[in-house]
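# Report on the structure
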Amino acid sequence: MASRLLKLGEQFPELRNSISALTPPSLDGVGAKLQDTILAEAIERTGPVHRPYLTIRMPKYPVREDDLKSIAKRLVEADDVQAPADDALLERIQVADQTASRFAGASRLVTTDGFGCTSCHQVGSLLPVKAPINARGPDLSMLGRRIRRDWYERLVREPLRVLPGVEMPSVRIPVHGVLNDDLSAQIAAVWQVLNTPGFEPPAPHPVRIVRRSGVESDQERSVVITDLVRATESDYLHSLLIGLPNRHNLV
């Protein structure tokens, strides 16, 4: 495909600057990636456009219902989606989900303060305006409606093994100071916030958030901070903030 696009640019010089927008996304592992209903929508082209920044579009063909099911089934079987689930993966996901659900600051993991998802993907109304087209990915909002969870888990850890040639860094090092530096819990937290209806990522480079879970078994210590405090229309220049493990706070 790359060689043919280069030849296209040579034949039509006016298209040379648009080659990236004319490059279709990879179909590697599409049966393992997409939920069954979304896969059928993609083949039939009845779903919404997920990469509006591309100028190339898949042709729409008249597909009979039985042929549609046959094509989708073949793509799923080719990626061995129906194979027995990895028990270790399922257990890791379950534990990570339980840990991540208690963390209120997970929204920052999708920004440049975390794994940098928003650098190349749209999340909510935030667009990756600085990302070149060849590095841009689809909108990640409500990801679980389209993407299978086990595919997501594999992709974020080793993107090149799942999608050869993809412009995406692997996530192997946890964000320091978040969820006890537990990478599995952080990846689960990203999945949870991306699948929260109406989620909007916070602005990057914020003031650090200090939180306590409120879960007694976590045995977290109290936090004492002295800083400028802004509450409604008042500023407190010499304040003392105390955050208790039960999430009661004093100023």
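Residues numbered from 1 in each chain as written. Predicted model: local features only at pLDDT ≥ 70, side-chain atom pairs only at ≥ 80, totals over all residues. Heavy atoms only, no water.

Quick look at the pattern of salt bridges now. The tally for this structure, following the rule as stated, stands at nine salt bridges. Close ionic contact of Arg-64 with Asp-67 constitutes a salt bridge, the shortest N to O distance being 3.1 Å. In this structure, Asp-150 engages Arg-154 in a salt bridge whose closest nitrogen and oxygen atoms are separated by 3.7 Å. You can see Asp-150 and its partner Arg-154 sitting in helix α6 (residues 149-157), four residues apart, about one turn around the helix. Asp-150 gets classed as partly exposed once you look at its relative accessible area, which sits at 32%. Residue classification places Arg-154 among the partly exposed residues on the basis of a relative accessible area of 37%. Through salt bridges with shared partners, a single network forms among Arg-64, Asp-66 and Asp-67. (Salt bridge = Lys/Arg side-chain N within 4 Å of Asp/Glu carboxyl O. Helix = DSSP H or I, 4+ residues; strand = E, 2+ residues; numbered from the N terminus. Buried < 20%, exposed > 50% of the residue type's maximum accessible area, 1.4 Å probe, protein only.)

As for its placement among the helices and strands, Thr-111 is situated in the loop between α5 (87-100) and α6. Ignoring anything within four residues of it in the chain, the contact list for Thr-111 reads Gly-116, Cys-117, Thr-118, Pro-201 and Pro-202. (Contact = heavy atoms within 4.5 Å.)

The next point concerns the environment of Thr-118. Structurally, Thr-118 is set in the loop between α5 and α6. According to the relative accessible area criterion, Thr-118 is buried, its value standing at 11%. Once the C-alpha coordinates of Thr-118 and Val-129 are considered, the two residues, eleven residues apart in sequence, prove to be 9.7 Å apart. The residues touching Thr-118, leaving out its near neighbours within four places in the chain, are Val-110, Thr-111, Thr-112, Val-123, Leu-126, Pro-128 and Pro-201.

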